[in-house]
Amino acid sequence: MLSLRPLRQRRSLLTALRALSTSFNCAGTQIVNLDDQRTVVKVQGDTLVPYLQKIVSNDVSKLVPGAPPIYACVLTPQGRFLHDMFLHAVEGPVPTVLVDCDAQQRRALMDLLQRYSLHHKIDVTSASKHYSVFAAFGSSLAGAATAAEPPWPHDPRLPALGRRAVLPRSSAPAPTATWKDYQRWRILQGVAEGDTEIPSGEVNPLEFNLDRLNGVSFTKGCYVGQEFVQRVHARGVVRKRIMPFRLGEARGSGCLAAVPLDPRSSHVFDVFDADESLRPIGRVRAMQGGAGLAVLRLREAMAAITEGKPLLVGDLEAGTGYASITPWRPDWWETSWGYEEAGVGEEEQRQVA
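Now for a look at the structure at hand. (Residues numbered from 1 in each chain as written. Predicted model: local features only at pLDDT ≥ 70, side-chain atom pairs only at ≥ 80, totals over all residues. Heavy atoms only, no water.)

It is worth spelling out the sheet that holds strand S2 (residues 38-44) at this point. Backbone hydrogen bonds are what pair the strands of a sheet, in a parallel or an antiparallel way. Taking strand neighbours across the sheet as the criterion, the five strands line up as S3-S4-S5-S2-S6 in an open arrangement whose pairing is antiparallel. Looking at which strands have only one partner, the edges of the open sheet turn out to be strand S3 (70-75) and strand S6 (123-126). This sheet shows a mean twist of 30° between the axes of neighbouring strands, independent of strand direction. Alignment of S3 against strand S4 (residues 81-90), held across six bridges, turns out to be antiparallel. Residue Leu-75 lies in a different strand from S4, and its bridge partner there is Phe-81. Contacting S2, S3, S4, strand S5 (96-102) and S6, helix H3 (residues 106-115) runs over the sheet at an angle of about 170° to S6. (Pairing = 2+ DSSP bridges. Helix = DSSP H or I, 4+ residues; strand = E, 2+ residues; numbered from the N terminus. Axes fitted to C-alpha atoms, helices over the stretch in contact; angles between N-to-C directions. Contact = heavy atoms within 4.5 Å.)

It is worth spelling out the sheet that holds strand S1 (residues 30-33) at this point. Strand order across the open sheet formed by three strands is S1-S7-S8, with antiparallel pairing between neighbours. Sheet topology places S1 and strand S8 (163-168) at the edges, where each strand pairs with a single neighbour. Here the strands of the sheet are splayed against their neighbours by 25° on average, with no regard to which way each runs. Summarising the sheet, strand S7 (residues 131-137) and S8 pair through six bridges and their orientation is antiparallel. By the bridge assignment for S8, Ser-132 is matched with Leu-167. Contacts between helix H5 (residues 179-188) and the sheet are confined to S1, S7 and S8, with S7 contributing the most and set at about 50° to the helix.

Overall, the coordinates contain six aromatic pairs when judged by the stated rule. With centroids separated by 6.1 Å and ring planes inclined at 65°, the aromatic side chains of Phe-134 and Trp-152 adopt a geometry described as edge-to-face. Taken as a pair, Phe-134 in strand S7 and Trp-152 in the loop between helix H4 (139-142) and S8 lie far apart in primary sequence, 18 residues in all. We classify Phe-134 as buried; its relative accessible area is 1%. Residue Trp-152 is classed as buried on the basis of its relative accessible area of 11%. Seen from their ring centres, Trp-333 and Trp-337 are 5.3 Å apart, and the 70° between their planes marks the pair as edge-to-face. In this structure, Trp-333 and Trp-337 share a single accessibility class: buried. The structure contains a cluster of three or more aromatic residues connected by ring pairs, namely Phe-137, Tyr-182 and Trp-185. A cation over an aromatic ring shows up here: Arg-157 above the ring of Tyr-71, its NZ or CZ 5.5 Å from the ring centre. (Phe/Tyr/Trp six-rings, centres within 6.5 Å; stacked < 30°, edge-to-face > 60°. Buried < 20%, exposed > 50% of the residue type's maximum accessible area, 1.4 Å probe, protein only. Lys NZ or Arg CZ within 6 Å of the ring centre and 35° of its normal.)

Ranked by size, the top nonpolar core spans 26 residues in total, and within it Met-243, Val-271, Leu-296 and Met-302 carry the most contacts. Put simply, the parts of the chain that give this core at least two residues each are strand S9 (240-251), strand S11 (280-288), strand S12 (291-297), helix H8 (298-307), strand S13 (311-314) and strand S14 (322-327). Top contributing element to this core by residue count: H8, with five residues. If we skip the residues at most four places from it in the chain, Leu-296 touches Arg-239, Lys-240, Arg-241, Met-243, Val-271, Ile-281, Gly-282, Ala-301, Leu-311 and Pro-327. (Core = buried A, V, L, I, M, F, W, Y, C linked by side-chain atoms within 4.5 Å.)

This part takes up the pairing of S12. By the criterion of burial, S12 is predominantly enclosed, with six of the seven residues buried. Pairing analysis gives six bridges linking S11 to S12, with the strands arranged antiparallel. Looking at S12, one finds that Arg-283 is bridged to Val-295. The turn joining S11 and S12, which pair antiparallel and follow one another in sequence, is formed by two residues; a positive phi near 65° is taken by Gly-289.

Of all ten residues in H8, seven are buried, a share of seventy percent or more. Of all the residues in H8, the buried ones are Leu-298, Glu-300, Ala-301, Met-302, Ala-304, Ile-305 and Thr-306.

Relative to the assigned elements, His-88 resides in strand S4. Contact partners of His-88, with chain neighbours within four places excluded, come to Pro-69, Thr-96, Val-97, Leu-98, Asp-100, Arg-164, Ala-165 and Val-166.

Right, let's talk about the environment of Pro-280 for a bit. Topologically, Pro-280 is positioned in strand S11. For Pro-280, a relative accessible area of 48% puts it in the partly exposed group. In this structure, Pro-280 is in contact with Val-271, Phe-272 and Arg-297, ignoring residues within four places of it in sequence.

This part takes up H3. Residue pairs three or four apart in sequence face the same way in an α-helix, which turns once every 3.6 residues. Residues of H3 that are buried: Leu-109, Met-110, Leu-112 and Leu-113. The buried side chains of H3 occupy one side of the element, clustering within an arc of 160° when seen end-on. Its buried side turned inward, H3 meets S2, helix H2 (48-53), S3, S4, S5 and S6. (Arc of directions from axis to C-beta.)

Under the counting rule described, the total for this entry stands at 15 salt bridges. Among the ionic pairs, Arg-169 bridges to Asp-35, the shortest N-O distance being 3.0 Å. Of this pair, Arg-169 sits in the loop between S8 and H5 while Asp-35 sits in the loop between S1 and S2, and the two are 134 residues apart along the sequence. The exposure class of Asp-35 is partly exposed, given its relative accessible area of 25%. In the salt-bridge network here, residues are joined through shared partners; they are Arg-38, Asp-84, Asp-100, Asp-155, Arg-157, Arg-164, Arg-186, Glu-193 and Glu-197. (Salt bridge = Lys/Arg side-chain N within 4 Å of Asp/Glu carboxyl O.)

On to the environment of Arg-106, then. Locating Arg-106 in the fold gives a position in helix H3. Arg-106 sits in the partly exposed class, given a relative accessible area of 26%. Considered as a pair, Arg-106 and His-83 are 23 residues apart in the sequence and their alpha carbons are 9.4 Å apart. Leaving out residues up to four positions away in the same chain, Arg-106 has contacts with Thr-39, Val-41 and Ser-126.

Pasting the structure below:
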């Protein structure tokens, strides 16, 4: 007989998430300046498109002024994530792209792009003195457009993330929200961003869902790191993925709930299956307010969701105590994610989807 307990717990979680979203004051359209987190690099040259096509993970053949921005990343030759970026084509005497990238890793990205330009006449310069990165987000942007919506390009990753723009500082609008408000909204959508939340040089980009977030092309041909990503994609099994979670009850003194986490300098806590063994099944990558993102082993995460049991998060070595967390599957996930190896039936998938 099918138990109704997981369904009731699912409804309870959705109710809690709606309350969490409302508490973040994102009922209308909010505008945020992301200069604390993101910066702008200008890349230009006569052979810009073929140059980028061999470096970044997405197809840039349609990157022309007036076209939507393209989300992509650069990888190591072994297929590990290095940097994510939004590519905005702009008018210029030669083909020009403004790159919205992680502020802390600006110099590392510029050096990498310059290194790859050996056989191309490409100029790579900082444009942060002249341009800022802005986003517009909120519940009014998650559905139909509204009159208050700024005429900026849509965020190429997800409709729920609203709009994304690189604007001249001289004509930039006044922000109505902080970067922390935006990070909370983004976390609730289950999306990581930047070289801290997606650790540079360490991870498979598919574990951070860049395939479903329009950040990877599997048809464009060769680029640096393509062979590894293509092989994992063809195999059809990704055992870990980043998932959003709700922070629950604290257990023990000095636990996670009392630790201020900054995405640029936060300690990474281990996530544990809530049984006696406390075996590690993932790591927290970001947290803001009562929600966070963690890379979790999908077999255990799906079991926890199905059974309605929490996971624990803390630091065994530091002895800081634990807090319970409740992960969930974002609506935009592929239906098969998490079930590639388990052979789970359709009815059970619908319970947690």
